[in-house]
Amino acid sequence: MTEPIPVHTTPGNKMIITMGLVASICGVLIVGAYESTQDAIANNKRIMVERAVFKVLPGAAKVNEYVATPSGIQPLTGNVPEGGMKFYAAYDQAGALKGIAAEAAGKGYADIVRVLYGYDTQCQCIIGIGVVSMRETPGIGDKIITDPAFLKNFEALDVRVNTEMTALANAVKVVKHGSKQNAWEIDAIAGATVTSKAVGRGINESAQKLMPLLVPHIAELKP
Amino acid sequence: MSANKPVDESITFDTFMEGVWRQNPVFVMVLGMCPTLAVTVSAVNAVSMGLATLFVLVSSCFLVSLIRNLVPKEVRIATYIVIIATFVTLVDYIIQAVSLSLYEALGAFIQLIVVNCIILGRAEAHASKNPPLKAVVNALGMGIGFTIGLLALGATREILGAGKLFGFSLFGEHFQPWVVMVLPPGGFFVLGGWLLLFSFMRSRSEKGVAHE
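(A) Quick look at the overall build of chain B. Looking only at helices and strands, one finds 8 helices and 2 strands in chain B. In terms of overall dimensions, chain B has a C-alpha envelope of 65 × 55 × 25 Å along the principal axes. Looking at chain B residue by residue over its 212 residues, the buried ones come to 42%.

Okay, here's the thing in structure tokens:
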């Protein structure tokens with residue numbers, strides 16, 4: 001007869017107590033870290049938004065978040081409601097409305113290209129863009145931030161709304177490199193057409209949605 | 001309960017240097033390759049990732065070592081993972097508080113430190129059998145070794161692929177960047193190069209020992 005091999009087992013309650021103890025220590029640590037970094041993170045996010053908006057709207061000094069919905073525009077509190085569109089209203093030192101900034105996104109070569117564009121209320125045109133995030137090929141797709149000829153497209157890109165206030169008067173279009181004729185066309189970068197088109201399509205989509213909601217109420221933003 | 005055989009509790013220089021040199025996680029053990037290849041597009045990213053991993057490694061090894069005699073062996077892996085995940089969450093918040101652009105550059109790889117095999121490996125192989133101080137010294141060595149490995153890759157890729165180091169231009173206007181080096185394939189090329197160098201040096205020093 002062979003002796004049964006003694007199997008060492010730990011009672012279940014000891015395991016549960018240990019796990020519970022470790023989990024509660026860890027929980028306290030996480031809550032502590034969350035509480036102590038929350039303000040710094042919120043502050044960082046605000047600075048990041050401000051920096052991006054100031055870049056596309058030179059001269060701006062203050063940014064407020066708004067949301068445009070079919071029923072009008074309100075300051076943003078909490079989440080963006082269904083069918084709404086978030087935008088930033090930028091004011092200069094004296095408190096006068098400097099312009100509007102909003103985000104646009106289009107499918108690029110590698111991933112979604114997200115840009116922020118600055119809109120001038122007087123000329124009803126886009127006066128600058130900045131990239132929020134992209135993973136385009138360095139040296140090719142990232143020319144959308146560095147190529148001066150491409151950026152010149154966004155010095156006065158026409159996004160006027162049609163008289164019925166339903167859509168843009170002229171859809172923003174990306175055209176082949178060197179064939180831009182109208183103020184609402186974007187001259188693509190030769191060799192980076194996919195990324196250029198992503199920017200153009202994104203801006204068109206965003207402006208088509210935002211401008212008809214925003215333009216009738218633009219006076220409400222002026223202090 | 002795990003003290004079946006007496007464990008050498010003395011802390012030697014080798015306790016620390018094990019991770020830096022003899023068992024370097026990147027160049028010798030070839031562990032944790034996922035963040036190694038993915039985030040080393042620039043020296044800054046590489047160092048930040050290295051330091052984040054170092055922090056998680058040292059803190060979790062300390063805690064694991066502290067409670068090594070309390071944890072029943074059936075639930076030890078689960079306990080280690082909970083501890084590691086806690087410190088990764090901490091690092092996640094801290095990096096967001098320090099710099100959001102860095103946070104976006106490192107992306108999902110901060111959260112993926114949880115499954116980095118260097119950390120679980122250290123917790124299981126070293127921290128769970130050694131007193132806290134020794135575990136911390138060893139983890140510190142491993143973390144520094146990992147950071148050095150990432151920095152070696154990151155710096156090489158940034159110099160070749162962007163002509164910069166830590167964001168400063170090195171070669172002036174006319175440098176034509178070797179773009180593939182900052183793309184995913186470049187990660188493999190550079191890693192291959194470094195591994196070649198290290199195994200060459202190792203085989204040379206082994207031969208040297210044999211000759212003496």
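(B) Spatial organisation of the overall build of chain A. The secondary structure content of chain A amounts to 5 helices and 9 strands. Walking chain A from its N terminus toward its C terminus, one meets helices and strands in the order α-β-β-β-β-β-β-α-α-β-β-β-α-α. On C-alpha atoms alone, chain A measures out to a radius of gyration of 25 Å, which is more than a quarter above the 17 Å that the 2.2 N^0.38 rule sets for 223 residues. Counting only contacts in chain A whose residues sit at least 6 apart along the sequence, the fraction spanning at least 24 positions is 55%.

(C) Spotlight on the pairing of strand E5 (residues 112-120) of chain A. Residues and elements named next belong to chain A. Where strand E4 (residues 97-107) lies against E5, 8 bridges are found, and the strand directions are antiparallel. Residue pairing for E5: Ala 105 is matched across the bridge by Arg 114. Counting the residues in the hairpin turn of E4 and E5 gives 4 residues. Where E5 and strand E6 (residues 125-133) come together, 7 bridges link them in antiparallel fashion. Looking at the pairing, Asp 120 lines up with Cys 125 of E6. Counting the residues that bridge the hairpin from E5 to E6 gives 4 residues, and of these Gln 124 lies at a positive phi of roughly 50°.

(D) Inspection of the interface of chain A and chain B at higher detail. Counting residues at the interface gives 21 residues for chain A, matched by 21 residues for chain B. Of the residues forming the side of chain A that touches chain B, the biggest block, 17 residues, is contributed by helix H1 (residues 12-56) of chain A. A per-class count over the side of chain A that touches chain B returns 13 nonpolar, 6 polar and 2 charged.

(E) Spatial organisation of helix H3 (residues 43-66) of chain B. Here H3 of chain B contains 24 residues, and its C-alpha end-to-end distance of 34 Å stays within 8% of the 34 Å for a straight helix at 1.5 Å per residue. In terms of residue burial, H3 of chain B counts as a mostly covered element, since 17 of its 24 residues are buried.

(F) View of the confidence of the model for chain B. Residue and element names in this part refer to chain B. Summarising the model, chain B shows a mean pLDDT of 86, and 94% of its residues fall at 70 or more. Taken as a whole, residues 1-5 scores under 50 in pLDDT and shows 2 contacts with residues more than four places along the chain or in a different chain. The complex prediction reports pTM at 0.78, with the ipTM value standing at 0.77.

(G) Representation of the environment of Pro 132 of chain B. Residues and elements named next belong to chain B. In this structure, Pro 132 sits in helix H7 (residues 132-162). Each C-alpha atom, one on Pro 132 and one on Val 64, is 8.2 Å from the other, the two residues being 68 residues apart in sequence. For Pro 132, the residues in contact, after removing those within four places along its chain, are Phe 62, Ser 65 and Leu 66.

(H) Up close: the nonpolar core. In this structure, Val 56, Leu 57, Cys 61, Ile 83, Val 91 and Ala 139 of chain B are the most contacted members of the largest nonpolar core, which totals 51 residues. For this core, the secondary structure elements donating two or more residues are H1 of chain A together with H3, helix H4 (76-98), helix H6 (117-125), H7 and helix H8 (184-211) of chain B. Here Val 56 of chain B is in contact with Ile 84, Phe 87, Val 88, Val 91, Ile 113 and Ile 119 of chain B, once residues within four sequence places are set aside. If you look at the next biggest cluster of nonpolar residues, it comprises 48 residues, including Ala 89, Ile 100, Val 172 and Val 174 of chain A.

(I) Seen up close, the sheet that holds strand E3 (residues 85-91) of chain A. Residues and elements named next belong to chain A. Read across the sheet, 7 strands follow the order E2-E1-E3-E4-E5-E6-E7 without closing on themselves; strand pairing throughout is antiparallel. Since the sheet does not close on itself, it has two edges, and those belong to strand E2 (72-75) and strand E7 (157-158), each with one partner. As paired elements, E6 and E7 share 2 bridges and run antiparallel to each other. By the bridge assignment, Cys 125 is partnered in E7 with Asp 158. Seen against the sheet, H1 touches strand E1 (62-69), E3, E4, E5 and E6 and runs at an angle of roughly 145° to E6.

(J) Structural context of the pairing of E2 of chain A. Residues and elements named next belong to chain A. Sheet analysis places E1 next to E2, joined by 4 bridges and oriented antiparallel. Counterpart to Thr 69 in the pairing with E2 is Gly 72. Turn length for the E1-E2 hairpin, with the two strands adjacent in sequence and antiparallel, is 2 residues.

(K) Geometry of the environment of Lys 129 of chain B. Mapped onto the secondary structure, Lys 129 of chain B falls in the loop between H6 and H7. Residues Lys 129 of chain B and Leu 54 of chain B, spaced 75 residues apart in sequence, show a C-alpha to C-alpha distance of 20 Å.

(L) Local environment of the packing of H3 of chain B against H7 of chain B. Residue and element names in this part refer to chain B. Relative to each other, H3 and H7 sit at 165°, their axes nearing to 8 Å. What the angle tells us is that H3 and H7 run roughly antiparallel. Here the hand of the crossing between H3 and H7 comes out right-handed. When grouped by side-chain class, the residues that make up the contact of H3 with H7 number 23 nonpolar, 7 polar and 1 charged.

Rules of the game
Residues numbered from 1 in each chain as written. Chains lettered and ligands numbered in written order. Predicted model: local features only at pLDDT ≥ 70, side-chain atom pairs only at ≥ 80, totals over all residues. Helix = DSSP H or I, 4+ residues; strand = E, 2+ residues; numbered from the N terminus. Buried ≥ 20, exposed ≤ 12 C-beta atoms within 10 Å, placed from the backbone. Rg over C-alpha atoms; globule rule 2.2 N^0.38 Å. Contact = placed C-beta atoms within 7 Å. Pairing = 2+ DSSP bridges. Nonpolar A, V, L, I, M, F, W, Y, C, P; charged D, E, K, R; others polar. Expected span 1.5 Å × (residues − 1). pLDDT = per-residue confidence, 0-100. Core = buried A, V, L, I, M, F, W, Y, C linked by C-beta atoms within 7 Å. Axes fitted to C-alpha atoms, helices over the stretch in contact; angles between N-to-C directions. Parallel < 35°, antiparallel > 145°, perpendicular 65-115°, else oblique. Left-handed = near helix turned anticlockwise from the far one by under 90°.

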